[in-house]
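Survey of secondary and tertiary structure
One letter stands for each residue in the lines below.
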Amino acid sequence: MARWCYRHRLVVLLLWVGALLGLGAAASTAGTDYANVFSLPNTDSKRAYDQLEKAFPERAGDTDTVVWKVDTGTVRDQSVQSRIQPALEKIGKMAGVGGVTGPYAGDRGAAQISANGKIAYAQITFAEQANAVPKQLVQDVVDIAQGAERGGLHVELGGQAIQRVQEPPTGLAEMIGILAAAVVLFLAFGSLFAMLLPIGIAIFGVGTGLFSTQLLSHVTSVPDLAPLLATLIGLGVGIDYALFIVTRHRRGILRGMDPEESAVIALNTSGRAVLFAGGTVCIALAGMLVTNLRFLDGVVIGTSLTVVFSVLAAVTLLPALLGFLGPRVLSRRQRRKLAADGPEPERASGFAARWSASVQKRPRSIAVMALVVMAILAIPVLSLRLGATDQGNDDASTTTRKAYDLLAEGFGPGFNGPLQVVSTSGDTNKLVQGIRSTAGVAQVAALPPAQGVTVIQVVPTTSPQSEKTDQLIDTLRDKVIPEAGAQAHVGGVTAISKDFSTVTGDRLPLFIATIIGLGFLLLMIAFRSLVVPLTAALMNLIAAAASFGALVAIFQWGWGLSLLDLGKEGPINAFLPVIMLSLLFGLSMDYQVFLVSRMHEEWVHTKDNARAVRVGLAETSRVINSAALIMVCVFLAFVLSGDSGAAMAGVGLAAAVALDAFILRTALVPAAMHLLGKSNWWLPAGLEKRLPHLAVEPAEEAESLPRASSGGSSVVHGFVRDAEGAPVDGAVLTLLSKGGRQLDRVTSLADGSYIVSVPTPGTYLLSATASSYGARARHVVVTDEPLVHDLELTEGEVDAVN
C-alpha cells in the first residue's frame, strides 16, 4: 500500500484534498446540530429537572443574571432605576428571551436587593439551554445591559450563556498549538519541508474528522465538547504519528537507501506501529462507554473518528507527500554531507546512546529515582475532590467572575448555587418550615405552584463548591424531605454537579479496569509476552496518579494558578477523570508501542535482552521525547481556549504526557526491563498457541535462499578488533537468518580470529558482542565462496541492526 501511494502520489493527494473540501462544504451547508443534553438517569437531580421542565416549560431554559452595584446612594435611587429598568424591559422583549425578573416590581422584587441597598440583580430566562442560545442574542443582551453603566454604577453579567460570549475566538488555541509544534519539529528536523509534513497530516486528519463529526451531529447526539476534545487529541496524535514515520524514513535515506524504498520500509515498520497505536487510542476512548454516561457517547464518536482519519492520513497521504519531496525531506546540510561522505553508519550515537548505556549499567538506581519522583508527584491525589467548576473559578477580569463576586458580596456565598426542591405532593408548608430550620440554609422561598408542582428555592449559607453544601443536599434528601412526608426531589446546578461526581466516582473503577484490561490483551497479542503488558499497565497507573497529583496541586490547591492566569482554585471537574484517563491511557500506549516494538524487533533478531532494550531505547528515546514535547505544546495551548474544562484537561494531559515520556518511558520502563531480563518476553507455550497473531513489526520474509551451484555450504571468517586495531579475545559471534533464527555461534580466539558456518548462500545477520564493548551487527551477503569479514568493536558504542 505504501509503495502504491508513493508511486500514485498525485492521485492520493487529490483524493485527500477532495475529501477534505467535500466534507467541509457538506458540513458548512448542513450546519451544526450539537445536542448538549446532559442527562444523569436515575438520579434525584434528574427527576427534579424532569418535573420542573414539565410544570414550567418556559422556564426550563438557561437562567442568567444581570448584577449592578452603586458606589454612592442605593440601587433604589431614581437615577439608577431610570437607567437599569429600560434596559431590562428591552431585553425582556427580545426574541429568544423567556422573561426578565427584576427588583423594581412587586414585593418579591425587593428580595433581589441586598440588605445595604448597594447591590441588586435581575434574572433573565432564555427559551433554550445555554449551549442552544444563539451567541448573537447573548451578545446583544450583554451590550444592552452594560450600556446602562455610568460613573459610579457598575453592571456585570453572569451565567452559562454569558460565559460563552467571553471565550476567545474559535481556533486560537489550535493555531498556537500548531505554531509551537512547528517550532519543535523544525528544531528536530532542521528542514522546512520535513517540518510541514507532520503538521499537514494533522490538519488533514483533524479537518476530515471534525467535518465528519459535524455531519454526524445531525443523526446522533454529539455534545459541543466533542469537537474541542477531538481537536485536542487529533492534533497531538496526527503530528506524532507522522513524526515517527518521517523520522524512520529520514534515517533510511541517510543510510543510503533509495527514497521510495526508504518510505516503504518506514511505513512497513513505523507505519504498522502507528496502526496499532491508533487502535489502542480508539479502544481507550471507547472505554468511556462503560461508564453509561450517555453524553460521553458523542465524545467517543468525535474523538475516535478524528484518530481514525489521522491514522489513515499517516499511512496513505504521508507516503504520497514523501514521494513529492524525495531526498528534500533531509535538510540541505544533511544532503550535502550525504553526497560528500556517503551513507552514515547504522548506529545510534549522542546523548540518547549514552543515556541508554547508563540505564543498562545502573538500572536499579535509575528505577528507584524515577519511582521516588513519581510517588512525590502523586501525593496530592490523596486529597482529590471531584465537583464542578463554576464562574467563581473564572479569571478575575471577566464579567462572569465579577458578577459572581458581587452576588456573593450582596447576598451571601450560597446565592451563586441555589438548590431547587421540586415538590409534587405532600404538605408544602411543612416542607418549607423543615428546610428553613435546617442548619446551613440561609434563605427559603416557595414559588407559586403550577400543574401540581411547587418549586422551593433554597439558598445555602456556603458556596456551591463547599463540602458543607454537599452535606446539606444529603440532609435534605435523607432527612428533611422524608420527615415532612413530601414527595420531592433536590435539583439545581449544584445538586446536578454533586450527583455527577457521585456517579463518576462509582463507575471509575470499572472504567479503569476495562481500559487496562483491553490494553493488556492487545499488548500481549502484539508482543507475545505477559510481562511487557503488565509493565505497561503498572506504568499507566503510575502516570495517571502523578498527573492527577499535579492537577490537584494546581487547580485544587491553587499552586501557580495566578502565574498561569487560570482563575481561582476549586474542585476537579467530575467529567475530567474519565476523559483524561481515556486520552492518557491511549497516548501512553502509543509510546509503549513505539518503544517496545523497536526492542522486540531487536529481540527477535538477537535474542539478547540487554542489547534489545539498549538499542530500542537509544533509537526511539529522542523521537519519543520530541513527540511528547509537541504533545505538551498542543495541550498547553488549550489553556487559551477560554473553557475552564479544556484548560484543566490541557494542563492535566500536558503533565501526564511529559511525565510519561520523560520519566517513565525514558527511564523507568527500560530500567525495569533490564532488571527483568529475558523474562520480559516470557509467554506460556499453551497461551502462545491459542493467541491470534497481530504483528506490530513487518512479517519476516520467507527464507527462500538461493542454492549454491555446487550445493555445498560456505563460511564467513575474519578478525574482531577494537578501535586501536588490537585483537578482541572471547568475543561472541552469532550468525542469524533474516527471520532471526540462530544458525551458528562461536567465540573469537586470542588473535581475534573467528569462523562461522553458513548453510547456503544468501543474506544473513552477523553480530558480535564482548564485555566492555558495544555490540556490532551487520548484514552479510554470502556466495558459494568463503567470505572474509572483519568487525571492529568500540567501547561504549551502541550499534543497531539495519
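Residues numbered from 1 in each chain as written. Predicted model: local features only at pLDDT ≥ 70, side-chain atom pairs only at ≥ 80, totals over all residues. Heavy atoms only, no water.

Within the protein chain one finds 25 helices and 20 strands. When its C-alpha atoms are laid out on the principal axes, the protein chain stretches across 110 × 50 × 45 Å. Looking at the protein chain residue by residue over its 802 residues, the buried ones come to 55%. Of the contacts formed within the protein chain by residues at least 6 apart in sequence, a portion of 76% connects residues at least 24 apart. Accessible surface for the protein chain amounts to roughly 33100 Å². Of this, 59% is attributable to carbon and sulfur atoms. (Helix = DSSP H or I, 4+ residues; strand = E, 2+ residues; numbered from the N terminus. Buried < 20%, exposed > 50% of the residue type's maximum accessible area, 1.4 Å probe, protein only. Contact = heavy atoms within 4.5 Å. Areas by Shrake-Rupley, 256 points an atom, 1.4 Å probe, with all protein chains shown as cover.)

By the criterion of burial, strand E1 (residues 63-70) is predominantly enclosed, with six of the eight residues buried. Two strands pair when backbone bridges link them, and E1 and strand E3 (residues 119-126) are joined in this way by seven bridges, in the antiparallel orientation. Across the sheet, the residue bridging to Thr 63 is Thr 125, located in E3. By the bridge criterion, six bridges tie E1 to strand E4 (residues 153-158) in an arrangement that is antiparallel. (Pairing = 2+ DSSP bridges.)

Next up on the list: the pattern of salt bridges. If you walk through the whole model with that rule in mind, you get 14 salt bridges. In this structure, Arg 3 engages Glu 261 in a salt bridge whose closest nitrogen and oxygen atoms are separated by 3.4 Å. In this pair, Arg 3 sits in helix H1 (residues 2-7) while Glu 261 sits in helix H11 (residues 259-286), placing the two residues 258 residues apart along the sequence. Given the relative accessible area of 32%, Glu 261 is considered partly exposed. In this structure, the salt-bridge partner of Glu 409 is Lys 69, at a minimum N-O distance of 3.1 Å. Taken together, the positions of Glu 409 in helix H16 (residues 399-411) and Lys 69 in strand E1 put the pair 340 residues apart, joining distant regions of the chain. You can call Lys 69 partly exposed: its relative accessible area is 22%. In the salt-bridge network here, residues are joined through shared partners; they are Arg 3, Arg 7, Glu 260 and Glu 261. (Salt bridge = Lys/Arg side-chain N within 4 Å of Asp/Glu carboxyl O.)

What follows deals with helix H12 (residues 295-325). Helix length check: H12 (31 residues) gives 44 Å between terminal C-alpha atoms against 45 Å at 1.5 Å per residue, within 8%. At Leu 317, H12 shows its maximal bend, which comes to roughly 35°, and the proline Pro 319 appears one to four places after that position. The buried fraction of H12 is high, at 25 of 31 residues. Residue Gly 326 follows H12 closely and has a positive phi angle near 60°. (Expected span 1.5 Å × (residues − 1). Bend = angle between axes of the 7 residues up to and from the residue.)

Another point: the packing of helix H2 (residues 9-30) against helix H9 (residues 192-216). Remark: H2 packs on H9, axes separated minimally by 9 Å, with the N-to-C direction vectors making an angle of 35°. In terms of crossing hand, the pair formed by H2 and H9 is left-handed. Across from Trp 16, Val 17, Leu 20, Leu 23, Gly 24, Ala 26, Ala 27, Ser 28 and Ala 30 in H2, the residues of H9 making contact are Phe 204, Gly 207, Thr 208, Phe 211, Ser 212, Gln 214 and Leu 215. A per-class count over the contact of H2 with H9 returns ten nonpolar, six polar and no charged. (Axes fitted to C-alpha atoms, helices over the stretch in contact; angles between N-to-C directions. Left-handed = near helix turned anticlockwise from the far one by under 90°. Nonpolar A, V, L, I, M, F, W, Y, C, P; charged D, E, K, R; others polar.)

What follows covers the nonpolar core. Within soluble globular proteins, side chains that are nonpolar tend to cluster in buried spots. Grouped together as the largest cluster of nonpolar side chains are 153 residues, with contacts concentrated most on Tyr 241, Met 288, Phe 555, Tyr 591 and Phe 635. Per-element tally for this core: the top contributor is helix H24 (residues 644-676), with 18 residues. Once you skip the residues sitting within four places of it in the chain, Tyr 591 turns out to touch Asp 240, Phe 244, Ile 624, Ala 627, Ala 628, Met 631, Val 657, Asp 660, Ala 661 and Arg 665. Within the second largest apolar cluster, 29 residues are counted, among which are Val 70, Ile 113, Ala 122 and Val 142. (Core = buried A, V, L, I, M, F, W, Y, C linked by side-chain atoms within 4.5 Å.)

A word on the packing of helix H8 (residues 172-189) against helix H10 (residues 225-254). Where H8 meets H10, the axes come as close as 11 Å, and the angle between the chain directions of the two elements is 15°. In terms of orientation, H8 and H10 fall into the roughly parallel class. Judged by the sense of rotation from one axis to the other, the crossing of H8 with H10 is right-handed. Of the residues in H10, those in contact with Glu 174, Ile 178, Ala 181, Leu 185 and Phe 189 of H8 are Thr 231, Leu 235, Ile 239, Leu 243, Val 246, Thr 247 and Arg 250. Among the residues forming the contact of H8 with H10, the class breakdown is eight nonpolar, two polar and two charged. (Parallel < 35°, antiparallel > 145°, perpendicular 65-115°, else oblique.)

One can expect most non-glycine residues to show negative phi and most peptide bonds to be in trans. The backbone of Gln 451 shows a phi angle near 55°, a positive value even though the residue is not glycine. Take Gln 451: it is sitting in the loop between strand E8 (441-446) and strand E9 (454-460). Accessibility expressed as a relative area gives 64% for Gln 451, which makes it exposed. Positive phi, normally seen in glycine, also occurs at Arg 528, with a value near 50°. By secondary structure assignment, the location of Arg 528 is in the loop between helix H19 (493-527) and helix H20 (531-556).

It is worth spelling out the sheet that holds strand E13 (residues 732-736) at this point. Spatially, E14-E13-E16-E17 is the arrangement adopted by the four strands of the open sheet, whose pairing is antiparallel. Among the strands making up the open sheet, the edge pair consists of strand E14 (742-747) and strand E17 (776-782). Put simply, the sheet's adjacent strands are angled 20° from each other on average, direction ignored.

Across the sheet, which stays open at both edges, the four strands sit in the order E8-E9-E7-E10 with antiparallel pairing between neighbours. With partners counted over all chains shown, the strands left at the sheet margins are E8 and strand E10 (487-491), one partner each. The sheet shows a mean angle of 20° between the axes of neighbouring strands, direction not considered. Strand direction decides the pairing type here: strand E7 (residues 419-425) and E10, joined by five bridges, are antiparallel.

Moving on, we come to a nonpolar patch on the surface. Residues Val 368, Val 372, Ile 376, Ile 379 and Leu 382 make up a contiguous nonpolar surface patch of about 520 Å² in total accessible area. Along the chain, Val 372 turns up in helix H15 (residues 363-378). Residue class for Val 372 comes out partly exposed when judged on its relative accessible area of 44%. (Patch = residues over 30% accessible without salt bridge, like charges linked within 9 Å, V, L, I, M, F, W, Y side chains within 5 Å.)

Next up on the list: H9. In a regular helix each residue adds 1.5 Å, so 25 residues correspond to 36 Å; H9 covers 36 Å between its end C-alpha atoms and thus fits that length. With a side-chain oxygen lying 3.5 Å from the backbone nitrogen of Phe 193, the N-terminal cap of H9 falls on Ser 191. (Polar contact = N/O pair within 3.5 Å; in protein donor to acceptor, adjacent residues only side chain to side chain.)

When you tally the buried positions in E3, you get seven out of eight residues, the bulk of the element. Both strand E2 (residues 97-101) and E3 contribute to a ladder of four bridges, which runs antiparallel. Of the residues in E3, the one forming a bridge with Val 97 is Phe 126.

Right, let's get into the packing of aromatic side chains. Applying the stated criterion across every chain, the model contains eight aromatic pairs. Pairing Tyr 121 with Phe 411 gives two aromatic rings, centres 5.2 Å apart and planes at 90°, and the pair type is edge-to-face. One end of the pair, Tyr 121, is in strand E3; the other, Phe 411, is in helix H16, and 290 residues separate them in sequence. Judged by its relative accessible area of 8%, Tyr 121 is buried. An aromatic cluster is present here, built from Tyr 121, Phe 411 and Phe 415 joined pairwise through their rings. In this structure, Arg 328 packs its charged tip against the face of Phe 193, placed 5.5 Å from the ring centre. (Phe/Tyr/Trp six-rings, centres within 6.5 Å; stacked < 30°, edge-to-face > 60°. Lys NZ or Arg CZ within 6 Å of the ring centre and 35° of its normal.)

For the rest of this paragraph, the subject is the side chain of Ser 597. Positionally, Ser 597 belongs in helix H22 (residues 576-606). One polar contact links the side chain of Ser 597 to the main-chain carbonyl oxygen of Val 593, over a distance of 2.7 Å.

When the pLDDT values of the protein chain are averaged, the result is 84; 92% of them are 70 or greater. Low pLDDT, under 50, characterises residues 699-711; the stretch is placed with 21 contacts to residues that sit more than four places away or in other chains. Throughout residues 798-802 the model reports pLDDT below 50, and contacts reaching past four residues in sequence, or to other chains, amount to 30 contacts. (pLDDT = per-residue confidence, 0-100.)

The topology assignment puts Arg 272 in helix H11. With relative accessibility at 27%, the residue Arg 272 sits in the partly exposed group.

Right, let's talk about the environment of Asp 394 for a bit. Relative to the helices and strands, Asp 394 is located in the loop between strand E6 (386-387) and H16. Under the relative-accessibility criterion, Asp 394 is labelled buried at 8%. Remark: the alpha-carbon pair of Asp 394 and Gln 163, spanning 231 residues in sequence, is separated by 9.4 Å.

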